[in-house]
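Secondary and tertiary structure notes
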Amino acid sequence: MSAPVLAAYSYCEAITGQQARNFAYGIRLLPTPKRRAMSALYAFSRRVDDIGDGTLAPDVKAARLEDTRALLARVRDRSVDEDDTDPVAVALSHTADHFPVPLDGLDELIDGVLMDVRGETYETWDDLKVYCRCVAGAIGRLSLGVFGTEAGARGAERAPEYADTLGLALQLTNILRDVREDAEDGRTYLPADDLAKFGCSAGFDGAHPPAGSDFAGLVHFEVRRARALFAEGYRLLPMLDRRSGACVAAMAGIYRRLLDRIEREPEAVLRGRVSLPGREKAYVAVRGLSGLDARHVSRRTIRRRA
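Parameters at a glance
Residues numbered from 1 in each chain as written. Predicted model: local features only at pLDDT ≥ 70, side-chain atom pairs only at ≥ 80, totals over all residues. Heavy atoms only, no water. Axes fitted to C-alpha atoms, helices over the stretch in contact; angles between N-to-C directions. Helix = DSSP H or I, 4+ residues; strand = E, 2+ residues; numbered from the N terminus. Parallel < 35°, antiparallel > 145°, perpendicular 65-115°, else oblique. Left-handed = near helix turned anticlockwise from the far one by under 90°. Nonpolar A, V, L, I, M, F, W, Y, C, P; charged D, E, K, R; others polar. Contact = heavy atoms within 4.5 Å. Buried < 20%, exposed > 50% of the residue type's maximum accessible area, 1.4 Å probe, protein only. Salt bridge = Lys/Arg side-chain N within 4 Å of Asp/Glu carboxyl O. Phe/Tyr/Trp six-rings, centres within 6.5 Å; stacked < 30°, edge-to-face > 60°. Lys NZ or Arg CZ within 6 Å of the ring centre and 35° of its normal. Expected span 1.5 Å × (residues − 1). Polar contact = N/O pair within 3.5 Å; in protein donor to acceptor, adjacent residues only side chain to side chain.

1. Overview of the packing of helix α7 (residues 125-147) against helix α8 (residues 159-177)
Contact geometry for α7 and α8: axes closest at 7 Å, N-to-C directions at 120°. As the angle between them shows, α7 and α8 are arranged oblique. The two elements α7 and α8 cross, and the hand of that crossing is right-handed. A breakdown of the residues in the contact of α7 with α8 according to their chemical character gives 14 nonpolar, four polar and four charged.

2. Remarks on the packing of helix α11 (residues 215-233) against helix α12 (residues 242-264)
One can describe the packing of α11 onto α12 by two numbers: an axis separation of 10 Å at closest approach and a directional angle of 160°. Of the possible angle classes, the one that applies to α11 and α12 is roughly antiparallel. Here α11 and α12 pass one another in a crossing that is left-handed. Between α11 and α12, the contacting residues are Val 219, His 220, Val 223, Ala 226, Arg 227 and Phe 230 on the first element and Ala 252, Tyr 255, Arg 256, Leu 259, Asp 260, Ile 262 and Glu 263 on the second. Looking at side-chain class alone, the contact of α11 with α12 contains eight nonpolar, one polar and four charged residues.

3. So, the side chain of Thr 16
In this structure, Thr 16 sits in helix α1 (residues 3-19). Look at Thr 16 and you get buried, because its relative accessible area is 2%. Those residues in contact with Thr 16 that sit more than four places away from it in its chain are Phe 23, Ala 24, Ile 27, Ser 39 and Tyr 42.

4. Some remarks on unusual backbone geometry
Positive phi is not limited to glycine here, since Arg 78 has a value of about 55°. By the secondary structure assignment, Arg 78 is in the loop between α4 (58-76) and α5 (87-98). Its relative accessible area of 43% is what places Arg 78 among the partly exposed residues.

5. So, the side chain of Thr 173
Residue position: Thr 173 is located in helix α8. Thr 173 sits in the buried class, given a relative accessible area of 1%. Apart from residues lying up to four places away in sequence, Thr 173 is in contact with Ala 226, Phe 230, Tyr 255, Leu 258, Leu 259 and Ile 262.

6. Quick word on the environment of Val 90
Position of Val 90 among the secondary structure elements: in helix α5. Residue classification places Val 90 among the buried residues on the basis of a relative accessible area of 4%. In contact with Val 90, not counting residues within four places along its chain, are Pro 4, Val 5, Ala 8, Val 80, Asp 81, Glu 82 and Asp 84.

7. Overview of the pattern of salt bridges
For the structure on display, the rule yields 29 salt bridges. For Arg 133, the salt bridge identified is with Asp 164, shortest N-O distance 2.6 Å. Remark: Asp 164 occurs in helix α8 and Arg 133 occurs in helix α7; sequence separation between them is 31 residues. The salt bridge involving Glu 161 is made with Arg 158; its shortest N-O contact spans 2.6 Å. On the accessibility criterion, Glu 161 (35% relative accessible area) is partly exposed. Three or more residues are tied together by salt bridges with common partners; here these are Glu 66, Arg 69, Arg 76, Asp 104, Asp 107 and Asp 111.

8. Quick word on the packing of aromatic side chains
Scanning the entire structure with this criterion turns up five aromatic pairs. Summarising the aromatic geometry, the rings of Phe 198 and Phe 221 are spaced 5.7 Å apart at their centres and angled 45° between planes, so their arrangement reads as tilted. A residue pair is termed long-range when its members are at least 10 positions apart, and Phe 198 in the loop between α10 (192-197) and α11 and Phe 221 in helix α11 qualify at 23 residues. Residue Phe 221 is classed as partly exposed on the basis of its relative accessible area, which comes to 22%. In textbook terms, an aromatic cluster arises when at least three aromatic residues are bridged by ring pairs, as seen for Tyr 122, Tyr 131 and Tyr 189. Its guanidinium or amino end placed over the ring of Tyr 234, Arg 256 lies 4.9 Å from that ring's centre, counting from NZ or CZ.

9. Focus: α5
For α5, with 12 residues, the first-to-last C-alpha span of 17 Å sits near the 16 Å given by 1.5 Å per residue. Counting buried residues in α5 gives nine out of 12 residues, a clear majority hidden from the surface. Within the sequence span of α5, burial applies to Val 88, Ala 89, Val 90, Ala 91, Leu 92, Ser 93, His 94, Thr 95 and Ala 96. Taken together, the buried residues of α5 touch α1, α3 (32-53), α4 and α6 (104-118). With a side-chain oxygen positioned 3.0 Å from the backbone nitrogen of Val 88, the residue opening α5 is Asp 86.

And the structure:
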C-alpha cells in the first residue's frame, strides 16, 4: 500500500475514533484491512451527515450534498488518483477497489439526508422505513460488502436483507433516543399515525410528555417494533466470520442495551440523551468477540427448522 493511501486511511481512522461513539467499538474488532475500509465508509458517511446537520441554508446544504454525490461518482468511475487532495476520496476509492461494496448505498444515504434537508415527515411506519433504509439500511449493506459471508454459509443469499433490517433496528433506536434533540431541531421522525394513536401529536418540546398523552405506551410500542427488527437482523451473525460477526454483535449489542434503558425509563429521552458508559460498551464488545450472540442465534435458528 502506498504512502498516500496509508495516510488517507489514517485520516479516516482518526475521524472514526474521534466522532463514532458506538461504531468505533465494533470496528476495533476487525482485522486491519477491514477496519480501514469501514473507517473510509464512516468518514464519507460522516461528511454527508455533517452537511445535513449543519447550520447552512437548505439550498446550500442541497448543493453541498450534490457536490458530495459528484465526488462519489468519481470514486465509482475510479478517477480518484492516490495523490488526490481529498483523503476520504482516496481511502474510499481504495476500499472500492478491494472490497465489493455497493457504492449505490452511499447515494441512498445522500438521498436520505436530502429528506432531512427538505424537512420531510412520515405518516406511517412504511413511510419511515424508506428513510431508515436510506440512512441506515444502506450502511448495513455497505458494511456487508466489507465483511463478506463465510463460504457455504446457509441462507447467505439473504445476508443483504438481514444487514438492511439490522440497520433499520439501529436507526429506530436512534430515533427514540434523540426524540427531544430532534424536536428542538424542528424534526419529527416517528410516524404521525403512531403519534396520534398515543396522544403525542403535539410533539416534544420539553422535558415532559404532552399533557394527556400515553408517552410510555408510544415508546414501548416502538421498542417492540425495534426488537422485532433486531431479532430478524441478528440472523446475519452466523453467516459472518468470527471477527466480522463480533463487530456486528458489538455495534448492535450497544444499541440493544440502549433500547433496554429506554424501555425501562421512557421519559428519560425527554430529559437528555440516553447513553451507555464506556465500560458497558467494552463488555458488549468482548461478548461479541466471544461469539455468544452468534451461537445463540444459530441455536435458535436450528430449533425453528427442527
